[in-house]
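Here is how the chains run, residue by residue.
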Protein chains: 2
Amino acid sequence: MIEPVGNQYVVARPVYSSNGFAEEHKRKERRHKTVLDHLKLCCRCSSKKAKKILLSFLPIASWLPGYRLKEWLLSDIVSGISTGLVAVLQGLAFALLVNIPPAYGLYAAFFPAIVYFFFGTSKHISVGPFPVLSMMVGAAVMRLAPDGPDGSPNNGTDDTLTQKRITAAASVTFLAGIIQLAFGLLRIGIVVVYLSESLISAFTTAAALHVVVSQLKFMLQLTVPAHSDPFSFFKVLESIFTQIQKTNIADLVTSLIILVIVFIFKEINQRFKSKLPVPIPIELIVTVIAAGVSYGCDFEKRFGVAVIGTMEKGFQTPTAPDAQVFQDAIGDGFSIAIVGFVVAFSVASVYSLKYDYAIDGSQELIAFGLGNIVAGAFRGFAGSTALSRSAVQESTGGKTQIAGILSSVVVLIVILAIGFLLQPLQKSVLAALALGNLKGMLMQFAEIGRLWKKDKYDCLIWIMTFIFAIVLGLGLGLAASVAFELLTIVFRTQFPKCTTLANIGRSNIYKNRKDYSDMYEPEGVKIFRCPAPIYFANIGFFKHKLIEAIGFSPLRILRKRNKALKKIRKLQKQGLLQVTPKGFICTVDGIKDSDDEELDNNQIEQLDLPIDTSDLPFQIDWNADLPLNIVVPKISLHSLILDFSAVSFLDVSSMRGLKTILKEFSRIQVDVYIVGTDDEFIDKLAQCQFFDDEVKDSMFFLTIHDAILHIMMKKDYSASKFNQEKEPKFDFTINTNGGLRNRDYQSS
Amino acid sequence: MIEPVGNQYVVARPVYSSNGFAEEHKRKERRHKTVLDHLKLCCRCSSKKAKKILLSFLPIASWLPGYRLKEWLLSDIVSGISTGLVAVLQGLAFALLVNIPPAYGLYAAFFPAIVYFFFGTSKHISVGPFPVLSMMVGAAVMRLAPDGPDGSPNNGTDDTLTQKRITAAASVTFLAGIIQLAFGLLRIGIVVVYLSESLISAFTTAAALHVVVSQLKFMLQLTVPAHSDPFSFFKVLESIFTQIQKTNIADLVTSLIILVIVFIFKEINQRFKSKLPVPIPIELIVTVIAAGVSYGCDFEKRFGVAVIGTMEKGFQTPTAPDAQVFQDAIGDGFSIAIVGFVVAFSVASVYSLKYDYAIDGSQELIAFGLGNIVAGAFRGFAGSTALSRSAVQESTGGKTQIAGILSSVVVLIVILAIGFLLQPLQKSVLAALALGNLKGMLMQFAEIGRLWKKDKYDCLIWIMTFIFAIVLGLGLGLAASVAFELLTIVFRTQFPKCTTLANIGRSNIYKNRKDYSDMYEPEGVKIFRCPAPIYFANIGFFKHKLIEAIGFSPLRILRKRNKALKKIRKLQKQGLLQVTPKGFICTVDGIKDSDDEELDNNQIEQLDLPIDTSDLPFQIDWNADLPLNIVVPKISLHSLILDFSAVSFLDVSSMRGLKTILKEFSRIQVDVYIVGTDDEFIDKLAQCQFFDDEVKDSMFFLTIHDAILHIMMKKDYSASKFNQEKEPKFDFTINTNGGLRNRDYQSS
């Protein structure tokens, strides 16, 4: 039992190497699961498991039977109606982003919500159009069905083109739905973890900017080129500024007024959140007023503003998606599928955490996938969740997806009955309403400063994601951003801050020698710490830092020694060296400097081999002076401790590199100890045939202190043992003026 | 001084928290270099540094003055001539891969070698055409200047198309050169570290397969579609098999014979390497014979075989690259630039290591960049180094790049004078020669098995790189492979094997509790180890594993306690609870179960706040039974130790996540200690405002054992202190049949 002795750390135990410890304490042989075992476990089937999985595909079967009619229904009705009204307006507004007639936005608001009611696991999100996603669908649509080559205006007048766009939007949506469904069935909802907060923040900010730019044409009533390709952000801006004098003043004024009103009331809603029973439905109010005024004063004829125009009552027949679109827009499909899911999932997570229930990423993917497939079939466009709308659903008291289905009933009523009331509404009003939702996203620019202070890499992720998303467009930008973000993980570990440690405080604590002045470094011992995993991209850096820390390259020393040995052998063969019981005598003045002697390939390879002195009748002390002009750098290092406690893995490249380094050290008689690793780490190395005659698994010690104590004991021991050794050890000295001197035998 | 006491580890020192230790041993305040400092240091200029940098741009100025004419010149001449002959044949053969007339391959063999002589830093590589690279240029060429829509044959007969292809190849080469030069000037030769051995092995294997497939058409003399796009590998194969009956038998037989001869002699060269003075120049011999036979028997007319045909003597006028190609082939340019450099650099590294001299990655990039620019201007195509040719240069005794320049003199002679001798040579012979060089690369398939045994991730990299390179083509495939490879670094750390540790051997050693049977776990203490960095992609996993290890979610406990507290407050307000000096009495039978009571948003948020009992006249012991039907899960955990010794970094997302976790634990009175971190780690957290009233920097301890001792002492202390506490602590019990019982005061 461990008993604290006051505030004292008192330990007395044997020094342990990893092997020694495992042996003494009987480490169990555990069979680790192989890939096959994991697969088996994963694919094992039981009727219980099957039932659970089947049920998990239809979450409504779990929650609807437990619905508390009396307590929840009223809240859900209130919430559903409020959310439904918002959904109608947002549907109309976001359809403009898709570059299709506003009426189709209602389908996008209706179908996914219905499907989500059955298949979704979140109780609080409102499923339907989301500006960024609509924008992405719009970009794909503009590429698939671009304006005429003369950039002719196309505000719903050219019927074939409009139809083509509607089909394109529906097909892309269908495609995204299939991708989401496939991801969901493969249970890889896990992809969301690759999107860090910084990335999402920067991406949505860039998306908001894209939305602003793409809505400018409706606010100013201008004709601009398609906003879809990489760099089109700037092209659209340029186009707008070159024709700014053509602005329709009536539209500009209307939209500015509405923007200001919406901003003010949203601010009021925010500030008096606690005092207001429900948020003021400012969007609904301005829409009603704007539609009324536009109708009353006949804005369309008088000022030439663009209005929503005829809204077809009821639904369109379902349509088969265009297979050609699948081929051309596979990239867009992927990014729409992923962005749509990620946004919805992150909003859903917030609520699930707040209300403490579980959501299932893969099931969400299935729900959104099916939703988009249905929406695509009925000529809607891709849905996710708008943050603002979900906030309405939750804050007005929505308890379950009953609110969601009620909101789609409201949309249904508009589609079937009262849609015509919205016909005189200006498109610029819708554009202004869409912009009103973006304030929060645009405010995220403040993140940059905050991140810069906290973490340079995260700041870099934000900035690069933003640049990629603006310049390359949202789809390609997202891919580039994720690639860059993953690269930062490599960056972070690629140049580890390797340090040399020293004993601080004369006990068992070792810290960076630069941080403390009162420290102790045992002679001839270096403690080197690498604070990151070692793999292909940083094994070179690790080696470089290690050589820098110890001050010499082991390979170079090895080669110099082998070269020197060749010369000594030559001298010996020529009979110029004589062994005496008390020393070693060089009987010549000097030999030809053959340091630059040409070596053939074979000889060069031999220089890297272990030093073999077994054929010589004496040992060589490499740190003493050698005879004549044989110069070998002296090294004082006899032991090197590598602190690998933070080296979480090695790959094949780094294993090979590390093994080479270890061999080089072993060949110049420097003992290397590796400390602080997991047992698994050693097991893994053994499994990879890392160990052999030169690199042994006895080099692992539990802690730095164990290794240090072991080294000290070994040195003491070898010093004392050395006195009893039979084999004489020789030490050369040369009298500079050609004479001979026989240095006394010295123990190291 | 540390003295080893036998083989004993004996330590007696105070228990240290990280702060305590730093204070006691006077940790120095070091100012870490900011990004600005690094930039300053990097951009600082001195005349010495300037001179060094200038000299490094022209390495010949350093090594040529030291050239040992007498010793080296002869070897260099022998080596240069041998290499030159190989270079001529490879140049001709690899030009077929580019889909341009063979003669242009000679330019590709000539110009880069000349430029490299002045700017290169490796002494042993032979610069010029490389099959994989030629193949990549060829793919770009076929995309830029495809066959006619009818797939009409184009064996150098259609002059305009051939000219177009030559220009395309030259332009792509020029572009790759510019990219390499730019990379070199920016000193980012570092990119090579991202290409691991597994990746290069798989990539070259796939490239070799591509080469085989693309040479089939010359060996069989068939017309096949362009081999350039993604999936074209299969298209070409399909096309070949559908028209296999059109094969030109003469070509097939010739190339098979030559293939067999070349393989046999290469095997002999390999096996009797030590006995042969120089390798048998089998390629040269078969070429001379084949050209002679073809000329003598007039194969061209008799069998309709394709021959090299007219070779223009001398050089072509330089040409400006096609700017349109730059736009269309920017991706190819990048991949050619990178692959060319990587291959050459890895070969050069081998020799530089063997002969112990330094090569400079960035300077190599500059040398290859300039070489490709010049080659592109003179209608050559991109060069790197062929492994086989470099092996010839080194094994025949080449000492410096003098051998390289001599080999280009040989090429020059062929270009200017004796090229016409090769005119009757069959193209299928060249194709067979090109294939003869691929055996080594194709043999790399054996890697898969070796890697599978060693490291699953590296094996996965190999397989995926191979698939990407085959299916997507070399350019796009390389990009996808690198992205995947970087992703594996994330994979490796994404699902760390988190473990629960226990004390083994009753001293200061803590190991995985599953590995040992004789272990000790202090009561109420969990030691949790995460063996990988924590960042956005695994913070969720970390949290999940932590909760799994301790057996409960701290947030859920906190919420239950806060709910219970609300009820107790309510009871107290209603006067149903009474405090007596000796206990706490509940004066009712039971209250309405309000566990499912509806809470509004505000109330739900309050559940996550710290538990505030300051307004209650008693403390609550959450692990005792609470009155009535108030149920709060009991937890025995009072201290949690997180072993972060292998957590090499945190990012902003994981910091936020970790802070949330720490707060939740602190709010349910579980002390969290973090041990094993660097001092820098704590500094970094402090800098990010990680610490506040609830999460304090006093939670860091040096080692697990320090933390354990601290916990034990604290528990002893609080237990003894508790006896003297004034405030009574209460414990509720309810008599199940409605009566009241007053439990005695108990100390925990």
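Residues numbered from 1 in each chain as written. Chains lettered and ligands numbered in written order. Predicted model: local features only at pLDDT ≥ 70, side-chain atom pairs only at ≥ 80, totals over all residues. Heavy atoms only, no water.

Colleague: Hey, could you go over helix H25 (residues 554-573) of chain B for me, with residue numbers and the actual values?
Modeller: Between its terminal C-alpha atoms H25 of chain B stretches 28 Å, which fits the 28 Å expected from 20 residues at 1.5 Å a residue. Taken together, the buried positions of H25 of chain B are Pro554, Leu555, Ile557, Leu558, Arg559, Arg561, Asn562, Ala564, Leu565, Lys567, Ile568 and Leu571 of chain B. (Helix = DSSP H or I, 4+ residues; strand = E, 2+ residues; numbered from the N terminus. Expected span 1.5 Å × (residues − 1). Buried < 20%, exposed > 50% of the residue type's maximum accessible area, 1.4 Å probe, protein only.)

Colleague: Pulling in residues and values, what's your account of the interface of chain B and chain A?
Modeller: In this complex, chain B contributes 107 residues to the contact, which on the side of chain A involves 107 residues. Interface of chain B and chain A: buried area, both sides summed, is about 10300 Å²; carbon and sulfur atoms make up 55% of it. In this assembly, chain B and chain A are joined by nine salt bridges. Lys511 of chain A serves as the salt-bridge partner of Asp679 of chain B, at 3.2 Å between the closest nitrogen and oxygen. Summed over the shared surface of chain B and chain A, the number is 21 residue pairs in polar contact (both at pLDDT 80 or more). Among the elements that take part in the side of chain B that touches chain A, helix H23 (residues 474-494) of chain B stands out by supplying nine residues, more than any other. Examined bridge by bridge, strand S1 (residues 8-14) of chain A and strand S1 (residues 8-14) of chain B share seven bridges and lie antiparallel to one another. Within the sheet, the bridge partner assigned to Gln8 of chain A lies in S1 of chain B and is Pro14 of chain B. (Contact = heavy atoms within 4.5 Å. Buried area = accessible area lost by both parts, 1.4 Å probe. Salt bridge = Lys/Arg side-chain N within 4 Å of Asp/Glu carboxyl O. Polar contact = N/O pair within 3.5 Å; in protein donor to acceptor, adjacent residues only side chain to side chain. Pairing = 2+ DSSP bridges.)

Colleague: Can you break down the pairing of strand S7 (residues 525-529) of chain A residue by residue, with the values?
Modeller: Residue and element names in this part refer to chain A. Burial of S7 is extensive: four of the five residues sit out of reach of the surface. With three bridges joining them, strand S4 (residues 499-504) and S7 adopt antiparallel strand pairing. In the sheet register, Thr499 faces S7, and the bridge partner there is Arg529. Both S7 and strand S11 (residues 639-643) contribute to a ladder of five bridges, which runs parallel. Within S11, the position partnered with Arg529 by the bridge is Asp643.

Colleague: Help me get a handle on the nonpolar core, residues and values and all.
Modeller: Formed by 122 residues in total, the largest nonpolar core has its most connected members in Ile125 and Val132 of chain B. For Val132 of chain B, the residues in contact, after removing those within four places along its chain, are Phe203, Ala207, Val339, Met441 and Leu474 of chain B. Among the nonpolar cores identified, the runner-up in size contains 112 residues, and Val88, Ala329, Phe341 and Phe381 of chain A belong to it. (Core = buried A, V, L, I, M, F, W, Y, C linked by side-chain atoms within 4.5 Å.)

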